[in-house]
Structures are given as structure tokens and as C-alpha cells.
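Residue-level listing of the chains:
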2 protein chains.
Amino acid sequence: MTDGRRESTYAVVARDVRNRILQGAYADGRRLPTEAELAERHGVSRQTVRRAFQDLVAEGMVYRVPGRGTFVTRRDEAYLRQFGSIDDLMGLSVDTRMEVTAPLRRLVDVTAASRLRLPDDVVHSLTFRRSHDGRPFCVTTVSVPPAVGAVLASVPELTVAGAGSRTTIIGLLDARLPAPIAEADQSITVAPADPATATQLGCPAGDPLLRIDRLYSDTAGRPVELAVSHFLPELYSYRTKLRRDRHA
Amino acid sequence: MTDGRRESTYAVVARDVRNRILQGAYADGRRLPTEAELAERHGVSRQTVRRAFQDLVAEGMVYRVPGRGTFVTRRDEAYLRQFGSIDDLMGLSVDTRMEVTAPLRRLVDVTAASRLRLPDDVVHSLTFRRSHDGRPFCVTTVSVPPAVGAVLASVPELTVAGAGSRTTIIGLLDARLPAPIAEADQSITVAPADPATATQLGCPAGDPLLRIDRLYSDTAGRPVELAVSHFLPELYSYRTKLRRDRHA
DNA sequence: CGTTATTTGTGCGTATGTATT
DNA sequence: AAATACATACGCACAAATAAC
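Residues numbered from 1 in each chain as written. Chains lettered and ligands numbered in written order. Predicted model: local features only at pLDDT ≥ 70, side-chain atom pairs only at ≥ 80, totals over all residues. Heavy atoms only, no water.

Undergrad: Describe the nonpolar core, naming the residues involved and giving the relevant values.
TA: Membership of the largest hydrophobic core comes to 47 residues, with the highest contact counts inside it found for A:Leu210, B:Ile169 and B:Leu210. Sequence-distant contacts of B:Leu210, defined by excluding residues within four places in its chain, comprise A:Ile188, A:Thr189, A:Val190, A:Leu210, B:Ile188, B:Thr189, B:Ser229, B:His230, B:Phe231, B:Pro233, B:Tyr236 and B:Tyr238. In terms of nonpolar packing, the next biggest core, distinct from the first, is built from 21 residues, A:Leu104, A:Val144, A:Ile169 and A:Leu172 among them. (Core = buried A, V, L, I, M, F, W, Y, C linked by side-chain atoms within 4.5 Å. Buried < 20%, exposed > 50% of the residue type's maximum accessible area, 1.4 Å probe, protein only. Contact = heavy atoms within 4.5 Å.)

Here it is in C-alpha cells:
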């Protein structure tokens, strides 16, 4: 990835505004700078600023009112991001940081193995923490079949505790597996923080967390990864856009 | 209100292309007309055609490749960027029962009003409980702009506390509003049960619940309904399927 | 009450760049 | 190498909604 192409001007403007929003610069429903102000600040035309806002509106980050201005659609200080597709999840790495807390290793996990539809109870597993702006907001445990684990073993960042990275596991897998990842079954519920997770998130054990399980499958329908994540609800909410079905 | 505003030129172009796609005109992965062709066909500038395509791309209807052209996003490969759809939600009523606990009434709610983008703080609101197999699992508070509230006031089941029904609010609205409901922004997080909600769900106050906010908008992008639901996590988990959305 | 300034929305023209065929 | 097609960027003019006076 990383894609050596030059980043377009409007993308730079959009990223700048997005970062300021995430840093809370326009917190209490205050108005964002006008198109004209942003154009001058970045030394670009008003049209380029408008193009940047189109993306931010599409992401659900801001909304605009003719004659009034542009406003953040934020809920509290939650870390907002539009998820709804696998590619969105892969994009998660752009502004968060991941830190391995339990490196990739072989272990016996009956539950994970059965959800991965494995013939025995051996899986390869690792646990990491994700932070935004230096604050941890999510702990994820990933379990994969041994064959997939062998593929991941060649990625040094995953085999050393404390290593940092900006990648996502599905991004790594997608590039290394013979068949691409095609879909994921997802389940969202509430679960109390177990002691280990609480320590990593810096919250009291037993605190309610948002738990998201995702079982990824490749194009052949084979399960390739089970990810169980626990999010701090103060810092993260899961957002998506629902649309109408096509065809009646 | 029917929205007497003129439909913008690019919206007309987008709708035309969308309709042709839905009628199967460009079914088998064939290329869509080029920007220049569409510009001439509609007698507009190439920029206007581009603006129309920006919407279609954002909807996930088409994808574009520089130098090659524009193509329909096929359902089997990608298309639905989302998991559940609004029509799935409308089908919710089939096996659950809804019971009004606070009938439709006018009240001042700054938060709801601002999320509905209303100029003042007055909304119409009602609260109901949803049960499955006789066990309540969800409490929902719906807030709508006064104009929409007037439409709902003609539905007797919503104006009487204790009334039961099997409908959904969006189902009612969709049939009665001038513009159909087109999409919803959804946010999922964890929230403790407030006393009133706890009583209705039969759980201790303060217990962690799964909270789902949905802001529905019509085809003009105007917010028409805000629904805030609290679910008992033991009885309900939110499940979806994620799919790929781009073409590798 | 209209008037005016501000701010976003629409529409188009032009030029240039990049990817594909 | 040339033609085609989409992408970016800037400019301008005017419309429409809002807010302040």
C-alpha cells in the first residue's frame, strides 16, 4: 500500500480539517471556518475547499447548512469514523496506532477454533491495542487457523511484544493470502472488561465495553480470521450509514 | 411540504443515469457513457456531469477508472456498501410487538432538535417498548420535527399510552411523507440504563445497555426522524454482514 | 418589515495532469 | 506515439438560505 502517488490538494485540506475536528478544535457545535477562510489559510481556491468538504460530508464528519455554515456532527468526544465495509476497516490504520501486547503464538482455544471451523482446537493468536492521539481505545484479540498463522509469522511486528505498527491484520492477510478476504460476519454487543483488558485500556475491571466480533472469510467462504475487539464506549462509537434496498 | 425547490441539474443527470442502471441498461459490466457523451446528451457542461457522478460513486452505484471509464458496481461483487438496510429495519415488526409507553407529544429537547437540524428546540416525541415472546428487550424514543409530528398525530396507536401495535415508525412515515426515507446514519455505543428505561425493561438502573441511535433522512437529505434505542444486551446483539466495496 | 452582508449551492469555462487503450 | 477518459485545480457569476440590522 502507501501508494506513492501525490496526495491531492483537496485531500490534504480534508485531512487537516478532519484532524482538527478529531482533536476537538470545533467541539461544542461551533461553526467551522468558512470556505473562504479555509481557502485563504491553505492558499487554495474555494472550489478545492468545497471538494474537501464533499468528502467530509460523505464520511458523516460534518454537515452544512446554506447561509449558516459548516458544523461537526460529533457525538460527545467519541472517536467517529464511518464503518460499513471491509475497506473502511482497512483504512482504520491511517489515524490510529496499534501496539502488540501479546505476540503471535500457538495456543489451544476451543471457542475460537470452533468459530473458525477448525478440525482441532489449535489456533494462532495475538492481542494488540489500538490508540488514537496516544489514548488507547480498543483491545483486539485475533485468532487465525495455523496455516494463516504461518503466513503472519513472517511479519516481524506481530511476533514481538510492544512492537508498534500502523497496519491492520486484514490488510496484511489480504495481501498475503491466496484468496482475498471477501466478507465478514459481525456481531456487536456489550461485555464487561476482564482484568487483562481493563489494564490495557486503563479502566476499572468490570466496566461495560462495546464488544465487536468479526469473523472474516475469503472468497471461497473459508473463515480466515476471528477478531474480538473491546472498545471504550466513551472514546468510540460504531457508525454506519443505512440505505434503501435496491429493487423492490 | 412536497419541497417546491427546483431539482438541480446534476441531480437530474444523476437520477437519469441511476434509472438507466436500475433498468439494466449497463448490466453486463459494460462501460457507461463518457462524461462528454452525457454532457452533450443532457446539454450540460462536463463539470455538471462530473458532479452527478460524484453522487453516484458515493452511493456505491458506480465506480470509475481513469483512462478507462465508468462502470456499474455489480451486486454479486460488491455494491451494497452496507450490511443491514432500511427495509430490513422495516421488517422488524414481523416478530416483535411494540407498546407505547409515552404517547406522541410536543416537548422541548435541545439535543434532539439540534440533531434534527431544527431552528428551535421544539420536537414531537414518543417512547415505546418492543417485546419478543412477551419479554421486553428494547426501549425506543423517537423524535421528529413538528411538521412530521403532525403527520404522525393522525395515527391513533401512537397517541394513546399503552396502545399496542406491530408497525414501525419509519414504515408509517414512509407511507405518509411526501419524500420517501432514503437513508439513516446509525451510531452504536454503550450506555447505562436510566431509571425510566430500567423500569420498562425490568433491569436495575445503571445496567449497561446497547444504545443505537438512528437519524433517518429523506431523499432530499433532510432529517425526518431521530430514534434512540436501548437494548438489553442479554437479549439482543446487533448482527450484520460486511462486504467488500471496491474492486481490486 | 425589508435590506444587506455572509455563507453555502449550482453551473460552467479553462487548463493541465494521469491512466488506459 | 496518439487518442481517449477521468482527475485535479482554479476562476467566475449568480442563486438561495440565513442572520443581523
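Undergrad: I'd like a rundown of the protein's contact with DNA strand D, residues and numbers included.
TA: Near DNA strand D lie 23 residues; those nearest to it are A:Thr9, A:Gln47, A:Thr48, A:Arg68 and B:Arg46. Here, DNA strand D places atoms within 4 Å of the protein, and 73% of those atoms are sugar or phosphate. Between A:Thr9 and DNA strand D, the recorded distance is 2.3 Å, taken from a side-chain N or O atom to a phosphate oxygen. A:Thr48 is positioned with one of its side-chain polar atoms (N or O) 2.2 Å from a phosphate oxygen of DNA strand D. (Near = heavy atom within 4 Å. Polar contact = N/O pair within 3.5 Å; in protein donor to acceptor, adjacent residues only side chain to side chain.)

Undergrad: Tell me about the pairing of strand S7 (residues 181-192) of chain B, residues and numbers included.
TA: Residues and elements named next belong to chain B. By the criterion of burial, S7 is predominantly enclosed, with nine of the 12 residues buried. Across 11 bridges, the pairing between S7 and strand S8 (residues 208-218) is antiparallel. Considered in S8, the bridge of Ile 188 is made with Ile 212. (Helix = DSSP H or I, 4+ residues; strand = E, 2+ residues; numbered from the N terminus. Pairing = 2+ DSSP bridges.)

Undergrad: Explain the packing of helix H2 (residues 35-42) of chain B against helix H3 (residues 46-59) of chain B to me, and be specific about the residues and the numbers.
TA: Residue and element names in this part refer to chain B. Packing of H2 against H3 brings their axes to within 8 Å, and their N-to-C directions diverge by 110°. Considering their axes alone, H2 and H3 lie roughly perpendicular with respect to each other. Only Arg 46, Val 49, Arg 50 and Phe 53 of H3 make contact with H2, whose side of the interface consists of Glu 35, Leu 38 and Ala 39. The residue makeup of the contact of H2 with H3, split by class, is four nonpolar, no polar and three charged. (Axes fitted to C-alpha atoms, helices over the stretch in contact; angles between N-to-C directions. Parallel < 35°, antiparallel > 145°, perpendicular 65-115°, else oblique. Nonpolar A, V, L, I, M, F, W, Y, C, P; charged D, E, K, R; others polar.)

Undergrad: Please set out helix H1 (residues 9-22) of chain A residue by residue, giving values where relevant.
TA: An α-helical segment advances 3.6 residues per turn. Residues three or four places apart therefore align on the same side. All names here are of chain A. Taking 1.5 Å of rise per residue, the 14 residues of H1 would be expected to cover 20 Å, and the 20 Å separating its terminal C-alpha atoms lies within 8% of that figure. Val 13, Ala 14, Val 17, Arg 18, Ile 21 and Leu 22 are the residues of H1 that are buried. Buried residues in H1, looked at end-on, bunch into an arc of 165°, giving them a common side. The inward-facing, buried residues of H1 contact helix H2 (35-42), helix H3 (46-58), strand S1 (62-65), strand S2 (69-72) and strand S4 (122-132). (Expected span 1.5 Å × (residues − 1). Arc of directions from axis to C-beta.)

Undergrad: Pulling in residues and values, what's your account of the packing of aromatic side chains?
TA: Summed over all chains, the structure comprises eight aromatic pairs over all chains. A ring pair is formed by B:Tyr63 and B:Phe71, whose centres lie 5.6 Å apart and whose planes are at 25°; its orientation type is stacked. Judged by its relative accessible area of 25%, B:Tyr63 falls in the partly exposed class. Take B:Phe71: its relative accessible area is 9%, and that puts it in the buried class. Linked through ring pairs, A:Phe137, A:Phe231 and A:Tyr236 together constitute an aromatic cluster. Sitting above the plane of the A:Tyr10 ring, A:Arg51 keeps its charged end 4.2 Å from the centroid. The ring of A:Tyr63 has B:Arg117 sitting right over it, with the charged end atom 3.6 Å from the ring centre. (Phe/Tyr/Trp six-rings, centres within 6.5 Å; stacked < 30°, edge-to-face > 60°. Lys NZ or Arg CZ within 6 Å of the ring centre and 35° of its normal.)

Undergrad: Before we move on, could you go through unusual backbone geometry and cite the residues and values that matter?
TA: The phi dihedral of A:Arg117 falls on the positive side, at around 60°, and the residue is not glycine. A residue is classified by how much of its surface remains accessible, and A:Arg117, at 60% relative accessible area, is exposed.

Undergrad: Break down H3(A) for me, with residues and values.
TA: Residues and elements named next belong to chain A. With 13 residues, H3 extends 18 Å from end C-alpha to end C-alpha; this agrees with the ideal 18 Å at 1.5 Å per step. Among all positions of H3, only Thr 48, Val 49, Ala 52, Phe 53 and Leu 56 are buried. All buried residues of H3 fall inside an arc of 140° around its axis, so they share one side. Considering only its buried residues, H3 is in contact with H1, H2, S1 and S2.

Undergrad: Give a detailed account of the confidence of the model for chain A, specifying residues and quantitative values.
TA: Residues and elements named next belong to chain A. For chain A, per-residue confidence averages 81 on the pLDDT scale, and residues scoring 70 or more make up 83% of the total. Of all the helices and strands in chain A, helix H4 (residues 86-90) carries the lowest mean pLDDT, 45, while helix H9 (residues 195-201) carries the highest, 96. In the predicted structure, residues 76-91 sits below a pLDDT of 50 and forms 71 contacts with residues beyond four places in sequence or in another chain. (pLDDT = per-residue confidence, 0-100.)

Undergrad: Can you explain the pattern of salt bridges? Please cite residues and give values.
TA: Close approach of charged atoms lets side chains of opposite charge pair. Taken as a whole and assessed by the stated rule, the structure comprises 17 salt bridges over all chains. One salt bridge in this structure joins A:Arg222 and A:Asp218, with 3.5 Å as the shortest N-O distance. With its nearest N and O atoms 2.8 Å apart, the salt bridge here joins B:Arg115 to B:Asp213. Of this pair, B:Arg115 sits in helix H5 (residues 110-115) while B:Asp213 sits in strand S8, and the two are 98 residues apart along the sequence. (Salt bridge = Lys/Arg side-chain N within 4 Å of Asp/Glu carboxyl O.)

Undergrad: Can you tell me about the protein's contact with DNA strand C, naming the residues and giving the values?
TA: Every one of the 24 residues lining DNA strand C counts as a neighbour, but A:Arg46, A:Arg64, B:Thr9, B:Thr48 and B:Arg68 are closest to it. Near the protein, meaning within 4 Å, the atoms of DNA strand C are sugar or phosphate in a fraction of 71%, with bases accounting for the rest. In the model, a phosphate oxygen of DNA strand C is placed 3.3 Å from a nitrogen or oxygen of the A:Arg31 side chain. Between a phosphate oxygen of DNA strand C and a side-chain N or O atom of B:Tyr10, the distance comes to 3.1 Å. Looking at the surface near DNA strand C, the elements that each hand over two or more residues are H3, S1 and S2 of chain A together with helix H1 (9-22) and H3 of chain B.

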